[in-house]
Structure formats: structure tokens, C-alpha cells
Amino acid sequence: MASAGGKIHVDEDVGKDDPSADGSETSPYKSLLFAHIQHPPSQTDGPQYLMRKSETGPVSEDGDPESRKEWKPATKTALKKSSNLYEQHKRKQAKGNDLALRERSEQEKRQRAQQEAMEVRIKEDPQLPKAFKIRLNENDPALVKLRKGTSQKDVDYSEGRGSRVRVTGRVHRFRAQKGVIFITLQDGYGFLQCVLTGDLTKTYDALTLTQETSMEIYGEMWEVPPGQHAPDDRELHADYYEIIGKAAGEKEAITTRVAQDADPQTLLDYRHLVLRGETSSSVMKVRAALLRAYRHTYEFEITPSCLEVTPPCMVQTQVEGGSTLFEFDYYGEKAYLTQSSQLYLETCLPSLGSVFCVAPSFRAEKSSTRRHLSEYTHIEAELDFITFDDLLVHLELVMSKVVEHVLADPNISKLVYDLNPQFKIPERPFMRMRYSDAITWLREHDIKNEEGQQHEFGDDIAEAAERRMTDIIDRPIFLTHFPAAIKAFYMKKDPQDSRVTESVDCLMPGVGEIVGGSMRIDDYDELMAAYVREGIDPEPYYWYTDQRK
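Rules and cut-offs
- Residues numbered from 1 in each chain as written.
- Predicted model: local features only at pLDDT ≥ 70, side-chain atom pairs only at ≥ 80, totals over all residues.
- Heavy atoms only, no water.
- Pairing = 2+ DSSP bridges.
- Helix = DSSP H or I, 4+ residues; strand = E, 2+ residues; numbered from the N terminus.
- Axes fitted to C-alpha atoms, helices over the stretch in contact; angles between N-to-C directions.
- Contact = heavy atoms within 4.5 Å.
- UniProt positions renumbered as here; feature names shortened; annotations may be inferred.
- Salt bridge = Lys/Arg side-chain N within 4 Å of Asp/Glu carboxyl O.
- Buried < 20%, exposed > 50% of the residue type's maximum accessible area, 1.4 Å probe, protein only.
- Parallel < 35°, antiparallel > 145°, perpendicular 65-115°, else oblique.
- Nonpolar A, V, L, I, M, F, W, Y, C, P; charged D, E, K, R; others polar.
- Expected span 1.5 Å × (residues − 1).
- Phe/Tyr/Trp six-rings, centres within 6.5 Å; stacked < 30°, edge-to-face > 60°.
- Polar contact = N/O pair within 3.5 Å; in protein donor to acceptor, adjacent residues only side chain to side chain.
- Arc of directions from axis to C-beta.

### Focus on the sheet that holds strand S12 (residues 326-330)
Two orientations exist for strands paired in a sheet by backbone hydrogen bonds: parallel and antiparallel.
At step 1: Reading across the sheet, the 3 strands line up as S11-S13-S12 and stay open at both edges, with antiparallel pairing between neighbours. This sheet does not close on itself; its edge strands, each paired only once, are strand S11 (314-315) and S12.

### Notes on the sheet that holds strand S20 (residues 503-508)
At step 1: If you trace the 4 strands from one edge of the open sheet to the other, you get S16-S17-S20-S21, paired in mixed fashion. Each having just a single partner strand, strand S16 (431-434) and strand S21 (512-518) make up the two edges of the open sheet. Sheet twist, expressed as the average angle between the axes of neighbouring strands with direction ignored, equals 25°.
At step 2: Across the sheet, helix H12 (residues 435-444) touches S16 and strand S17 (477-480), and the angle it forms with S16 is around 85°.
At step 3: Along the sheet, helix H13 (residues 463-473) makes contact with S16, S17, S20 and S21, crossing S20 at roughly 60°.

### A short note on the UniProt feature "domain: OB" (unreviewed entry) in the chain
At step 1: Following the UniProt record, the feature "domain: OB" (unreviewed entry) maps to residues 165-244 here.
At step 2: Between the C-alpha atoms that bound residues 165-244 there is a distance of 17 Å. The span itself is 5% helix and 60% strand.

### Some words on the pairing of strand S5 (residues 164-177)
At step 1: Bridge count between strand S4 (residues 132-133) and S5: 2 bridges; the pairing is parallel. Bridge assignment links phenylalanine 132 to a residue of S5, and that residue is valine 165.

### Brief notes about the pattern of salt bridges
Opposite charge on two side chains permits pairing when their charged atoms draw close.
At step 1: Going through the model one piece at a time under the given rule, you end up with 30 salt bridges.
At step 2: Between lysine 414 and aspartate 418 there is a salt bridge whose closest N-O contact spans 2.8 Å. Note that lysine 414 and aspartate 418 are positioned in helix H11 (residues 410-419) at a spacing of 4 residues, about one turn of the helix.
At step 3: Exposure remark for aspartate 418: the relative accessible area of 47% places this residue in the partly exposed category.
At step 4: Salt bridges sharing common partners tie together Glu346, Glu382, Arg520 and Arg548.

### Regarding the packing of H12 against H13
At step 1: The geometry of H12 relative to H13 is characterised by a closest axis approach of 11 Å and an angle of 85° between their N-to-C directions. Taken together, H12 and H13 sit at an angle that is classed as roughly perpendicular. On H13, the residues that touch Ala438, Trp441 and Leu442 of H12 are Ala465, Met469, Ile472 and Ile473.
At step 2: Considered class by class, the residues forming the contact of H12 with H13 number 7 nonpolar, no polar and no charged.

### What to know about helix H7 (residues 278-301)
At step 1: For H7, built from 24 residues, the straight-helix expectation of 34 Å at 1.5 Å per residue is met to within 8% by its first-to-last C-alpha distance of 32 Å.
At step 2: Residues of H7 that are buried: Ser280, Ser281, Ser282, Val286, Ala289, Leu291, Ala293, Tyr294, Thr297 and Tyr298.
At step 3: Those residues of H7 that are buried are in contact with helix H6 (271-274), strand S14 (355-362), strand S15 (375-382), helix H10 (388-408) and H11.

### Here we look at the packing of aromatic side chains
At step 1: With the rule as written, the count across this model stands at 15 aromatic pairs.
At step 2: Ring centres of tyrosine 330 and tyrosine 331 lie 4.8 Å apart, and the angle between their planes is 65°; this geometry places the pair in the edge-to-face category.
At step 3: A relative accessible area of 34% means that tyrosine 330 is categorised as partly exposed.
At step 4: On the accessibility criterion, tyrosine 331 (76% relative accessible area) is exposed.
At step 5: Seen from their ring centres, tyrosine 531 and tyrosine 541 are 5.5 Å apart, and the 40° between their planes marks the pair as tilted. Taken together, the residues span a long stretch of sequence, with tyrosine 531 in helix H14 (residues 524-534) and tyrosine 541 in the loop between H14 and helix H15 (542-545) at a distance of 10 residues.
At step 6: According to the relative accessible area criterion, tyrosine 541 is buried, its value standing at 3%.
At step 7: Members of the aromatic cluster, connected to one another through ring pairs, are Phe489, Tyr490, Tyr531 and Tyr541.

### Concerning unusual backbone geometry
At step 1: For the bond running from threonine 303 to proline 304, omega is -5°, close enough to zero to count as cis.
At step 2: With respect to the element layout, proline 304 can be found in the loop between H7 and strand S10 (307-308).
At step 3: Positive phi, normally seen in glycine, also occurs at aspartate 233, with a value near 55°.
At step 4: Its place among the elements puts aspartate 233 in the loop between strand S8 (214-223) and strand S9 (234-245).
At step 5: Located in the positive-phi region is aspartate 474, a residue other than glycine, with phi close to 60°.
At step 6: With respect to the element layout, aspartate 474 can be found in the loop between H13 and S17.

### Thoughts on the side chain of threonine 324
At step 1: Looking at where threonine 324 falls in the secondary structure, it is placed in the loop between S11 and S12.
At step 2: A polar contact is formed between the side chain of threonine 324 and the side chain of glutamine 339, at a distance of 2.7 Å.
At step 3: Dropping the residues within four chain positions of it, threonine 324 is found in contact with Gln339, Phe362, Arg363, Ala364 and Glu365.

### Quick notes on H13
At step 1: Listed in full, the buried residues belonging to H13 are Ala465, Glu466, Met469 and Thr470. Projected down its long axis, H13 shows its buried positions confined to an angular sector of 130°, all on one face.
At step 2: Taken together, the buried residues of H13 touch S16, H12, S17, S20 and S21.
At step 3: Of the residues trailing H13, aspartate 474 is marked for its positive phi of about 60°.

What follows is the structure, given as C-alpha cells:
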């Protein structure tokens, strides 16, 4: 304990500013401020503060290190500085105490309100018209009538001007004002603003409402008053509701777990919750519309049409190079997840005609760039009896028709431009540029390769250079006739120039490569030579080689 004479000891080298110290010679504090806090100074009989630096303090004139252990009264300068810091500490502590008192008072107030709210019971009025259930996007005026104008009552069916409906969904967002709660409900089909008033706002469920709580709400449909805004310019004036499932709040609330400024990796870990947001759900809806458009285009917009088939995902051959294969054991045999279904689609051509598939592809490329996905949905097609020019015409038609069909739906079109306000419909006709001309263009515009050197024929043009060229030209480009050395083994060589293949990448401004394609080697001996050139064992490809027989 500190000495009875009121002496408080501070050793700035070995002291401790924690409850284990008491200010005695054997258990000193580390700082003068902490000593002030534990033993406040006084104008009359306050303690005396003694200080030292037992290990780093100055030694005596004769160099005796023991002099460091001598206790000396704190200097006036040190006392003044510490007193100022102590006054700041007291003010901060007082402020904290006031805040804690206010928070405690607010907490008690909330608890009393919640206790009172538990006594509030709401019931559906059996005298009201029977409510019928609708989806939140139901806007048929013959089914859902909107009440207009004003009324002395929040809900009034006396003149039958508004339909009484029943809706279910999750609380997407809400805000509470004095005597009214505005809830935006979401059910995956649309959004609807619901207005709670009167006793509906006084229940325990209303006071403890959380985002993503699932509810069933009954009420009258109204037009939104002039100058106000709500989804589809309408709102439901509630007369009754039930909580189906209460969502977690506080630390477990969805806004805490997937905050907008959260780290991207955290958002990926909580993808199942992120999908409830407007951006991610909009992406999924546009994606679904895109797939519908592709299927419609392949079946009805091109001649001859393409039939959809479903090739396997577990395979025993590579398509795009062995370094990106996901390998696994298939009952004692080596197998892989497919990189592409295009070779399998070829086997369908003789009996089914032109075909396409919508299937997952897998690439074992451990990278976080937007061009590297371990799994993605791959849309592929194989066409029978065509020329290379036919292929380019087909690709341009398919892409243009798909965009046309997606944007034809006003709801999807709105989502597209909400997600990407700068989206532009691809300009037709697409520009055609040979690989060799692209190399010349890059050299003329001083766009260098990844090693900082001028591009040479045979370079695999990197994404950055490719995108820069496309953005400068600012129109879709069919980049064609790549060197055989940098393309897949099955691509057919150009009859006019055996150095290059009849291959194509479609480059889109602001995006880069979005489509790749080629003609296929159709000669048996040439295909066998390609296996040898690439060091590929042809035996597992017997089914593909058979097509050339």
C-alpha cells in the first residue's frame, strides 16, 4: 500500500498503470497521470508524488547507477502537465457518465414502452371486405383498384374505392415517424410500400421491427399522394398484419453482417445474404433474361435453328490446356471437370443438326481478376456445314438479337441501365480485323506488350492492350486469324496462310473479349498431327477422332 505519510511513488521504467499497483515504493505506478487518477491532488493535505526512472534515469556525478533508484518529488512542470491532463480526464469521465446516464434512461424508456406494447393486441376486423392475396408486382387495374384523393380515415372501405388485399414478403427497409411506420415490402416479384398507423404502430412487433422480417399485411390499396414517391406510385394502407418470422437484430442484423462498406471477401462469404440486396438480385434477374434471350434466339431467330443439348461436366479430356484442369478421381480413373463442351457438341451434329448448350465450365486458374472464374455458365454452339464467314455472320446476329430481346422487356431494360447507365447497344456491322493488322495497329499506337516491348507477330495479345485498342476504336471488333501456335489444337488453319487459324474473338468496348470461336480441323491426318504437335495422347480422344473417319 502507499505509505501512510501520503507519499505516492511513480517509476516510469518499471511501474504499472493497472490495479496491481498501489503507489507504494515496492509497487509504484508508471505515470504521474495515473497516480493523479488513483490519488487525486488536493489544495490542503494532498499526497506527495515521488518519481524516478530506475533503469534509464541519469546517474550521479561519480557514475553510480544506484542513484537512479532515489525517489525525488515531481517537478512543478511535470505536476502542471499532469494536472491539466487530469482535469481533461475528469471532464471526459463526467461526459461519459452523463452519456451513460442518458443511455440508461433511454434504455429504461424503451423497456417501459416495450412492456406497454406487449399489452397492445391487434385483430383483423371481420366487418371489413375479405382480402384477396396478390403478388407485389400485381398491377392489373381490373384486379387491384387504387383509391384516390384524401380521407379522414387511414382505412375506409365505405365507398369501396380501394381493393382490400393481402400481401406477404420481407421487410426490405422501413422508417418510423411519430404515429406512422413506412415499410417497403419485397417478395422477389416486386416492392410495395405499406403504411402502418394507429395501434398497428404500438405493438411490440412494431417497436422491435427488423429488416428482413417476413410479414403478412392486410389493407387498402391507394395511389401515392401528389409529390410523394413509392414503388409503382402506390401504397397499401394497413388495417392488420401478422409477423411470419422475425429477423435477427443488433449484431446479427443483416445490415451489420453485410454492411455496404464491408470487405469484398466478407461479402463473398455472405453471398447468401448479399443476394437479398437490390443490386445482386437485379444482376440475377438480368442474367435470367439473358439466358431466355439466348435460348429464344437459337431456337427461333436463326436459320437453321439450333437444338439445345446437355453435354457432360465430368470428362477425361482437356480442351483449353492441361494447366487449368480440375482433376479428380473417378472410381480409380483420372477425370476432370469440363473446360468446355464444344468438342462434345460436335458429336451431336450428324443426327441433330446445329446444336447449343448452356452448361457450367471450370478453369483451375487461381486468380482474382475478372477474367478468371473457377466456375461459370458457358453458352456454346456448334454449326454444321458452314464457312468461316458464315460463322462471323452467325455470331453477330446472335449477339445483336440477344441484346434486342433483353431490352424489349421494359422491366429488364430498366434494370440493365440501373446497373450500367453507360450501356450502349453494340454498333453494327461489327468491325473485322485480322490478328496481323492488330499487331500493326498496336505498334503504330505505341501500345506495348506486358514486357514493355513492341508487339510482334506470334504474341498472345494481353487483355490490357486488347481492351485499350477496343476502347480507342470504340466499336465491336471481330479479331480473326490468330497464329496456330497460340490457339487450341483443334482449330483449322487458314487455307491461304498456314501460319494462322480460322479463329475469332469478339471484342466489345468497355469489356474486352466476350466470345471466341473457330472452324474445326476436319481432316483425320491433320488432327492426328495436331495431337503430336501439342504433346496430347490421342487415345482418350477416340470419340472425337472418330468424327473425322
